[in-house]
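# Observations on the model geometry
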Amino acid sequence: QYSPESVAGADGELDPTEVTFPGCSCRSRSCAAPECPCLSRGHSYSSLGLLLAEQQQQQQPFSRPVFECNSLCSCGEGCQNRLVQRGLQLRLQVFRTPRKGWGVRALQPVPAGSFVCEYAGEVLGFAEAQRRIQAQSPEEPNYIIAVREHLHDGRVMETFVDPTRIGNVGRFLNHSCEPNLFMVPVRVDSMVPKLALFAAADIAAGEELTYDYSGRFRNFPGASREYRAPEEENSLRKPCYCGSRTCASFLPWDSSLFSTP
């Protein structure tokens, strides 16, 4: 079932459509920092979208979160701080790849920093995400993504999204060890984030769109908690066909949803 944005999962634990953030009282057509409380919480968009290169150059130990203006804000629909919530604006095509099954490519040039699409699906709690992934056979494709945000105080926020039954075009995006997209959790109405994918570089029309499933890309070394499987477990892992110079040979592996208490 196609859904342009994430929905509450069958477990009913989280509702991504619930509005819990207060709105800003900005009277301008487009909010600006530092006056806008939404923008003062985190990173703001440039005219092109979200460019993280500047932030990396500053060598900040943590990236700043992204909070968009929401339905309770006084600013207009044309506010620059409303980007991901507007949804897909680009012409994308799902196509059959030679070795990787389905993939997604852009039918138009995509400038670096542009919002491309959301990875949408059912937002699940940990227990239901674990139940679903353990019920899968090794031959079945796994679409469940686990996103971990490491807070400055040591806490870790986890978001689980499953587009297997309900989702959007994002479910067809393939992994690459040298991707042209990066994923950022963007919050609009509540602490349940939208998993937004942005262009990491200028992308040509016809080029396949990919992101790094492990979260290594654009993260500081060691930020990823990807499980390093011993050699004997490599037979259980899916091979990677991204074809990049730095290909790791296998798709990223995360054991957290497979382990039992």
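- Looking at an unreviewed UniProt entry, one finds the chain named SETMR methyltransferase and attributed to Calcarius ornatus.
- Listed under Subcellular location (unreviewed entry) in UniProt, the entry text for the chain is "Chromosome".

## Re the overall build of the chain
- Helix and strand counts for the chain stand at three helices and twelve strands.
- Going through the 261 residues of the chain one by one, you find that 44% of them count as buried.
- Across the chain, the fraction of contacts at a sequence separation of at least 24, relative to all contacts at a separation of at least 6, is 68%.
- Of the accessible surface of the chain, which amounts to about 13800 Å², a share of 52% is contributed by carbon and sulfur atoms.

## So, the pairing of strand 11 (residues 194-199)
- Burial runs high along strand 11: six of the six residues are buried.
- Inspection of the sheet shows strand 5 (residues 115-118) paired to strand 11 by three bridges, in the antiparallel sense. Counterpart to Glu-118 in the pairing with strand 11 is Ala-196.
- Two elements, strand 10 (residues 181-187) and strand 11, share six bridges in a ladder whose sense is antiparallel. Of the residues in strand 11, the one forming a bridge with Pro-185 is Leu-195.
- Taking the residues between adjacent antiparallel strands as the criterion, strand 10 and strand 11 are bridged by six residues.

## A few points about the pairing of strand 10
- Counted residue by residue, strand 10 has six buried out of seven residues, so it is predominantly covered.
- Pairing of strand 2 (residues 66-67) with strand 10, which is carried by two bridges, proceeds in the parallel orientation. Each bridged residue has a counterpart across the sheet, and for Val-66 the counterpart in strand 10 is Val-186.

## Focus: the packing of aromatic side chains
- Here the structure, examined in full by the defined rule, presents seven aromatic pairs.
- Between Tyr-119 and Tyr-211, the ring centres sit 6.3 Å apart and the planes meet at 65°, which makes this aromatic pair edge-to-face. Taken together, the residues Tyr-119 in the loop between strand 5 and strand 6 (122-124) and Tyr-211 in strand 12 (residues 210-211) connect sequence positions 92 residues apart. Accessibility classification places Tyr-119 together with Tyr-211 in one group, the buried group.
- Relative to Phe-198, the ring of Phe-182 has its centre 5.9 Å away and its plane inclined at 25°; by these criteria the two rings are stacked. Linking Phe-182 in strand 10 with Phe-198 in strand 11, this pair joins segments that are 16 residues apart in sequence.
- For Phe-182, a relative accessible area of 4% puts it in the buried group.
- The class for Phe-198 is buried, based on a relative accessible area of 0%.
- Within the aromatic cluster, the residues linked to one another by ring pairs are Tyr-45, Phe-115, Phe-182 and Phe-198.
- One cation-aromatic arrangement involves Arg-105 over Phe-95; the distance from NZ or CZ to the ring centre is 4.1 Å.
- Directly above the aromatic system of Tyr-143 lies the positively charged group of Arg-171, at a separation of 4.1 Å from the ring centroid.

## Overview of the nonpolar core
- Formed by 23 residues in total, the largest nonpolar core has its most connected members in Leu-92, Val-116, Tyr-119, Leu-173, Leu-181 and Leu-209.
- Looking at this core, the elements with two or more residues in it are strand 4 (102-106), strand 5, strand 7 (145-150) and strand 11.
- Considering each element in turn, this core owes the most residues, three residues, to strand 11.
- Ignoring any residue separated from it by four or fewer positions in sequence, one finds Leu-181 in contact with Val-116, Leu-173, Leu-197, Phe-198, Ala-199, Ala-200, Ile-203, Leu-209, Thr-210, Tyr-211 and Phe-217.
- If you look at the next biggest cluster of nonpolar residues, it comprises eleven residues, including Val-66, Val-186, Phe-198 and Ala-200.

Cut-offs used in this document
Residues numbered from 1 in each chain as written. Predicted model: local features only at pLDDT ≥ 70, side-chain atom pairs only at ≥ 80, totals over all residues. Heavy atoms only, no water. UniProt positions renumbered as here; feature names shortened; annotations may be inferred. Helix = DSSP H or I, 4+ residues; strand = E, 2+ residues; numbered from the N terminus. Buried < 20%, exposed > 50% of the residue type's maximum accessible area, 1.4 Å probe, protein only. Contact = heavy atoms within 4.5 Å. Areas by Shrake-Rupley, 256 points an atom, 1.4 Å probe, with all protein chains shown as cover. Pairing = 2+ DSSP bridges. Phe/Tyr/Trp six-rings, centres within 6.5 Å; stacked < 30°, edge-to-face > 60°. Lys NZ or Arg CZ within 6 Å of the ring centre and 35° of its normal. Core = buried A, V, L, I, M, F, W, Y, C linked by side-chain atoms within 4.5 Å.

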